Every structure is written in structure tokens, then in C-alpha cells.
Amino acid sequence: MLFSMRRLLPSLLATVFISSGVVAAQGPIQAPVATRAVAKRVPQWSIVTVQVPSHVPQLRVRVNPQVGNDADLFLRKDAPPTLAQYDAASRTPGTSAEEVVVNGEDLSTGTWYMGVLSSPDTTWGLAWDLDVVPAEVEGMGATVYDGGTSFRVWAPNATGVAVASSFNGWSQGLAQLADEGNGHWSLDYRDLPAGERYRFVLDTPSGLLWKNDPRARQLESSVGAGIVIDPDSYAWQTQGYTSPAWNDLVIYEMHVGTFFDAAGGAPGDFASVASRLDYLVDLGVSAIQAMPIWEFAGDFSWGYNGAYPFSVESVYGGVDQFKFLVDEAHARGIAVFLDVIYNHWGPSDMDIWQFDGWNQNGWGGIYFYNDARAFTPWGDTKPDYGRGEVRQFIRDNVLSWLTESRVDGLRWDGTSVMRKGALGDDPSAWSLMQWINDEINATQPWKMQIAEDMFDAPNDWITKDTGAGGAGFDGQWDALFVHPVRAACTELDDDYRNMWAVRDAIAHRYNGDAFERVIYTESHDEVANGRSRLAEEIWPGNADSYWSKKRSTLGAAIALTAPGVPMLFQGQEFLEDGYFQDTDPLDWTKLTTHAGIHAMYRDMIRLRRNLDGVSQGLKGQNLNVSHVNDWDKVIAFHRWDQGGPGDDVIVLTNFRNQARTNYRIGLPRPGTWKVRFNSDWDGYDASFSNHPSTDVQTDAIAWDGMAQSASLSFGPYTTLILSQ
């Protein structure tokens with residue numbers, strides 16, 4: 001008796017890589033041969049082998065009946081099957097039509113033995129296919145699972161997609177992804193571990209495109225390959241961390257590359273920041289806010305040219321080093337906020353630009369607006385907020401930082417650029433922000449979402465609840481604070497300082513909530529782009545002058561005592577000079593040179609956070625700007641939470657270079673008021689006058705709308721903080 005066997009070579013049919021084989025047989029076969037005579041006519045095993053590569057997700061084997069109805073199919077990995085030992089089988093009595101499909105966890109890489117047990121009167125054909133089928137593992141990008149890595153990518157205009165990796169020799173057509181029929185392509189790739197490098201290869205009408213995964217969690221560099229990352233592999237050491245209450249936040253904005261680094265060489269990294277966390281604990285801040293850390297072009301950058309939103313900048317140390325920084329910060333009670341950019345991406349080293357080859361009129365393709373709506377001040381790369389897949393991309397990115405990296409809050413850069421553009425208001429951007437903020441509030445409401453929305457300020461709608469039509473952010477940078485306060489500090493002539501503008505800056509709030517605003521005198525925007533550090537602007541070239549020290553700390557005192565969430569910019573606390581540059585590290589020698597100024601900031605932060613139990617009012621909602629003297633340039637205001645000793649706080653600030661004695665202000669309660677802070681103390685700087693400011697006893701003299709008052713003494717350009 002004769003039979004023949006024919007093997008089909010691997011072929012690329014449309015977008016599916018199929019390796020298959022066919023055997024026609026009557027009676028038993030033991031191994032694939034061209035022809036073979038079989039003398040025995042008793043039931044026996046017929047065995048054929050097939051090699052299953054790691055990139056093939058499914059093996060489908062069929063016995064096709066020709067004559068007779070007595071054939072059974074058995075599959076076994078690495079050894080011929082028997083009636084007692086097999087991995088899969090099809091045994092339908094009375095027929096020789098059998099089929100076995102092995103996939104998912106049941107399929108493994110290597111040699112599979114396909115065995116047919118048949119009677120001598122049965123003639124059958126054996127066929128098998130190595131099928132590409134959509135991934136069973138959920139998730140976009142590269143998802144590590146037990147036994148391999150799943151890949152899924154959105155490329156609706158591609159005609160074929162493969163994954164090329166260091167694991168498969170960078171073959172551009174070997175590991176084909178299956179078309180899911182909805183613009184997505186996917187593949188479960190067995191045995192491919194975390195740490196392997198990879199790219200997608202897209203077959204498109206405009207040619208073959210090698211592209212990095214838009215959702216890669218790590219890249220070699222902005223022009224290097226993606227790296228498969230297991231987000232669950234980092235062993236978190238700090239468990240049960242709780243973010244500070246928003247009224248206990250003092251934010252320290254930093255740039256990873258320049259915070260703690262020596263000039264020359266590579267930028268600073270997450271490890272260098274982590275090495276200075278104890279310093280920040282001593283300073284008293286309760287949160288750090290890192291400028292953007294998405295993978296960006298080059299090594300030196302502010303970070304606002306982020307090209308890969310899911311990937312952590314490689315020069316800073318990558319994703320696990322960032323998690324280490326978060327872990328170490330949490331161990332010290334410090335929250336970690338992250339600056340994120342959804343108003344534009346890139347514009348350079350950005351593989352999502354025309355990702356699958358499609359575009360309209362040369363615009364950015366599937367991830368971007370393809371008309372004038374794409375215009376931004378930083379490039380024509382505004383995301384398409386109206387496209388469901390792009391909205392999901394941004395939503396997933398937000399949640400990845402909050403969950404995988406355990407970040408405690410996000411600062412959204414330039415939300416005004418998102419919601420407004422060349423063609424007017426963009427309701428899609430507004431609804432996107434609402435959707436994401438609603439989801440965070442439903443799952444992680446303690447994680448603060450801060451908007452930078454400086455156009456059309458003030459805009460209460462940014463922090464208004466979504467149910468009322470607002471964007472739903474928890475806080476926003478307050479342009480109505482920083483500009484008038486900096487103006488009052490930088491004005492050369494005391495007579496022209498506007499105390500009413502300072503009063504308005506202190507009193508402003510959004511939707512009646514003191515903590516819906518972030519207030520500051522220095523941020524990355526305010527100390528660059530043609531502007532400088534506040535001390536530098538007060539006297540250019542002489543940032544360590546008496547005037548610069550005095551008036552820059554006046555501004556800081558207002559920021560740290562007015563209602564709101566106060567923020568410092570790195571180095572502000574030791575009088576860093578010049579302007580911010582991503583190639584110019586902080587000069588930490590100034591911590592010694594200006595140790596007293598640093599001590600002043602530390603003392604103010606202790607009072608702001610009520611760490612000594614004498615200033616709870618600075619964490620409260622309540623405010624009464626009770627005293628505004630635009631002639632003498634003196635302001636005093638009352639802060640309180642519930643009121644009473646240790647709660648009621650009076651802040652007095654003198655914006656004139658003139659000491660005062662017997663200066664009467666109103667006080668909310670009778671009794672002794674203690675001076676908790678005097679910025680004129682010469683312990684803060686030897687040039688300060690140390691004008692005597694002593695505790696006072698109230699008089700029953702009505703003043704400033706209060707039944708009690710007292711006469712105070714204070715120095716020039718000085719802030720006093722008093723409580724009972």
C-alpha cells in the first residue's frame with residue numbers, strides 16, 4: 001500500500017502567516033517520507049512531527065476522511081503520543097473526521113507529534129496549520145504574561161504588521177500580527193521575555209515602516225528600539241503610603257536633569273534625586289513635582305518635547321529607577337507629582353507621526369488632527385481628541401502613571417492649548433478631560449489633578465465639578481497670584497508697589513475653595529523664557545544682594561501663608577540665581593553660602609504645615625485680609641480653620657524699606673499673640689536689621705473691623721507671623 005505526503009512552505013497570505021502541512025494516507029505512517037509501502041494491515045499509529053515556533057499562537061490539526069470511519073487523532077509535545085499519554089485528542093466514534101486546536105496556555109514552542117490511530121480499512125488525509133490568531137492576552141502595546149509577551153497595536157491603515165525583535169533576529173516578516181478587524185493587530189508571542197528589544201514593522205501603502213511601539217514603557221533612546229517591560233516586576237518596598245491632604249501640600253517643583261548634578265557630562269538622574277530626598281524632608285516639603293520625564297529627543301531638555309508618553313526617559317534611568325524614586329519618596333512621607341503633556345507631542349523623534357503611513361495633506365496621521373486644529377506654539381502636533389483610540393491612548397497614559405508608577409498626582413501642561421485652538425473652542429478636549437477626571441475621582445480621588453490653564457484667567461470652570469459642566473480638575477496654577485506678587489517684589493520704587501493688587505492675589509480663589517489653586521513666585525515658566533529667578537529680577541547680576549534677599553523672601557512668605565497650595569521651584573530656598581537652563585545644574589554651594597535663607601524657608605514651611613501645632617489656620621479655608629495700607633505698603637491678614645489658640649494666625653507683610661514701631665493692626669481674639677516668625681532676624685542673614693518684633697498683648701481698641709488690636713514693631717521688607 002502506498003501513500004504520499006506534501007509539505008506547504010510558509011507563506012504570507014494577506015496579513016496572516018500560515019505554515020501548514022498535508023498528508024494523505026491509508027494505514028499507518030511512522031515518519032514523513034516521499035513514498036512508503038506498508039505490509040501490515042492491523043491498526044497502528046501513524047506519526048508526523050511539526051515544529052511550532054514561538055511566534056505561532058495556534059496549531060490546528062485535522063484528519064480528513066477518505067475511505068472508512070475509524071481514525072482517531074492524538075497530539076503530544078516532545079514525544080509520540082500513546083493511548084495513555086497525549087496532550088490533546090479527538091476521538092469521535094464512527095467517523096474519521098477529527099480536529100484538534102491547541103492554543104493559549106496549552107501550546108508551547110518546540111516539536112509536536114501528531115498521531116493518527118486508524119484501522120487498515122480506513123483511508124484518511126492529515127492536514128495541519130500554524131495559525132496566526134488575535135492575542136488572547138488583553139492590553140495594548142507589549143504585555144508580559146506568564147510564558148511570553150503579547151503585542152497589540154493600533155494601525156488601521158496598515159495592510160500587515162509584524163513584530164521584529166532581538167529575540168527573532170530582527171526578522172521583519174517572521175512574527176506576523178493578526179488583524180483583529182477593528183484597526184488593531186495583535187499576537188501572543190511565547191517565550192519572549194521582558195528585557196527584549198522590539199519594533200513594529202508595518203506594511204503600508206507608502207511602504208514598509210519600522211516603528212516603535214507608541215505605548216512602549218521603555219526605549220533604548222528616543223531613536224532606539226523599544227524594550228519589553230514587565231510593570232509588575234519592580235518590588236515595591238513602601239506599602240500603605242497615604243498622600244498628604246491637599247491643605248498639607250507644599251510642592252517642590254524640580255527638573256531631574258539639573259536638580260543634583262555636576263556641570264558637564266550626562267544630566268542628573270532619578271538616583272541623584274533620590275540621594276537628596278532626606279534634604280527635602282528636612283526642608284519640610286510634602287510633595288515633589290517632576291518636570292516631564294517622557295522619553296524625549298536628546299539627553300538635555302526641559303521635557304516638554306516628550307515623544308513617547310508611556311516611556312520613561314532613558315538618560316534619567318528608565319522606568320524601574322523612576323519607581324525607585326517614588327518608592328524612596330513615599331518611604332519618607334513625600335508625594336510624587338508628575339508633569340504630563342497632552343496639548344502636543346514631540347515634535348521630533350516621534351514615531352507616532354504618520355504612524356501607519358496615512359495622513360491628510362502632510363499632517364500627522366492617525367494620532368493627530370490633520371487640519372489647522374493641530375497648530376500649537378510648539379509644533380503642529382496636537383492630538384486628535386475626537387478620535388476614540390486617541391482618547392483611550394491618553395486616558396490609559398494617565399492611569400498608567402497613577403497605577404503602575406504609583407504617582408500621587410499629575411500636573412497637566414497647557415490645558416488652555418488643549419481646549420482652544422486656531423479654529424476656536426474644542427469640545428472634544430473638554431470632554432476628554434472630564435472623562436479622565438471622572439474616572440480618577442471614581443477610583444483614586446485622593447490623587448490630585450492640577451491644570452496649567454493660564455489663558456483667560458481666572459477660569460473657575462477648570463476646577464468646577466464635571467456635573468456642573470466643569471473640567472473636573474482638583475487645582476490649577478493661579479496666574480492671578482504669581483504676576484501681581486512678582487510685580488510687587490520687582491518694582492524698583494516702593495511708592496509704586498500696589499498693595500491692592502497683592503490683596504487681590506492673596507484673596508483670590510476658584511469656586512470658593514482655597515485649595516483649588518497652586519500659588520508660587522517661581523516655576524519653570526517664571527524663571528526662564530526671558531525671565532529670571534525672582535532674586536535675579538529684583539537686581540540683575542546681584543541676586544545675593546540685600547534687596548534681592550529681602551524682597552524675594554517677601555514673595556515666598558506670601559505664597560507660603562496665603563490660602564492655596566504653595567509651590568517652590570528648585571533652588572529657590574537657597575537663592576539660586578540667573579535663569580533656569582536644562583544644562584545648568586543647581587549650585588549646591590549656595591546652600592552653605594545662603595544657609596540662613598534656607599533656614600528661613602524651612603521655618604516658613606513648618607508653620608505652613610503646622611508641624612509645631614501653633615499655626616493650624618494656615619491650613620484652613622478661612623481668610624480675612626483685614627489691613628491694606630497702600631501708603632505705607634503694609635498688608636495684614638487673618639487665617640483660620642476652626643479658630644482659637646494654635647489655630648488663628650495673623651500674617652503681616654511690610655513692602656517698604658522702612659522699619660515701623662507702634663504700628664497698630666486689628667486682632668481677632670484678646671490675649672497674648674506670639675511672634676512665631678520674623679523674616680528680619682539676622683540669623684537668616686547677617687545683613688538683616690534684626691528689628692525687634694516682640695510678642696504683644698491686645699488692647700480693647702477696635703481696629704480693622706475687629707474688637708481687639710495691638711501695636712507691633714517690624715523691620716523693613718519684613719514678614720511677621722503671629723498666633724496664640
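This text follows the structure it describes.
Below, the structure is looked at part by part. On a predicted model such as this, the values are computed, not experimentally measured, just so you know.

Calculation notes
- Residues numbered from 1 in each chain as written.
- Predicted model: local features only at pLDDT ≥ 70, side-chain atom pairs only at ≥ 80, totals over all residues.
- Heavy atoms only, no water.
- Buried < 20%, exposed > 50% of the residue type's maximum accessible area, 1.4 Å probe, protein only.
- Helix = DSSP H or I, 4+ residues; strand = E, 2+ residues; numbered from the N terminus.
- Arc of directions from axis to C-beta.
- Contact = heavy atoms within 4.5 Å.
- Polar contact = N/O pair within 3.5 Å; in protein donor to acceptor, adjacent residues only side chain to side chain.
- Phe/Tyr/Trp six-rings, centres within 6.5 Å; stacked < 30°, edge-to-face > 60°.
- Lys NZ or Arg CZ within 6 Å of the ring centre and 35° of its normal.
- Expected span 1.5 Å × (residues − 1).

Within helix α9 (residues 499–507) the residues assigned to the buried category are M499, V502, A505 and I506. End-on, the buried residues of α9 take up no more than an arc of 115°, which puts them together on one face. Summarising the contacts, the buried residues of α9 are in contact with α8 (479–490), β28 (517–519), α11 (546–561), β30 (622–629) and β31 (634–640). N-capping of α9 is provided by N498, with a side-chain oxygen placed 3.0 Å from the backbone N of W500.

This brings us to the packing of aromatic side chains. For the coordinates displayed, the defined rule picks out 39 aromatic pairs. With a centroid separation of 5.6 Å and 90° between ring planes, the pair formed by F569 and F580 is classed as edge-to-face. On the criterion of sequence distance, the pair formed by F569 in strand β29 (residues 565–569) and F580 in the loop between β29 and α12 (590–593) is long-range, its members being 11 residues apart. Taken together, the aromatic side chains of W154, F310, W345, W353, F355, Y367, F368 and F393 make up a single cluster linked through ring pairs. Stacked on the ring of F688, the Lys or Arg K550 has its end atom at 4.5 Å from the ring centre.

Across its 17 residues, helix α7 (residues 427–443) extends 25 Å between first and last C-alpha, which sits within 8% of the 24 Å expected from 1.5 Å per residue. Of all the residues in α7, the buried ones are A429, W430, L432, M433, Q434, I436, N437 and I440. Those residues of α7 that are buried are in contact with α5 (388–403), β23 (409–413), α6 (415–419) and β26 (448–451). Regarding α7, its N-cap is D426, as a side-chain oxygen of that residue lies 3.0 Å from the backbone nitrogen of S428 further along.

All right, on to the environment of L554 then. Its place among the elements puts L554 in helix α11. Under the relative-accessibility criterion, L554 is labelled buried at 1%. C-alpha separation for the pair L554 and S679, spaced 125 residues apart in sequence, amounts to 8.3 Å. For L554, the residues in contact, after removing those within four places along its chain, are T653, N654, F655, Y717, T718 and T719.

Just distances and angles here, no functional claims.
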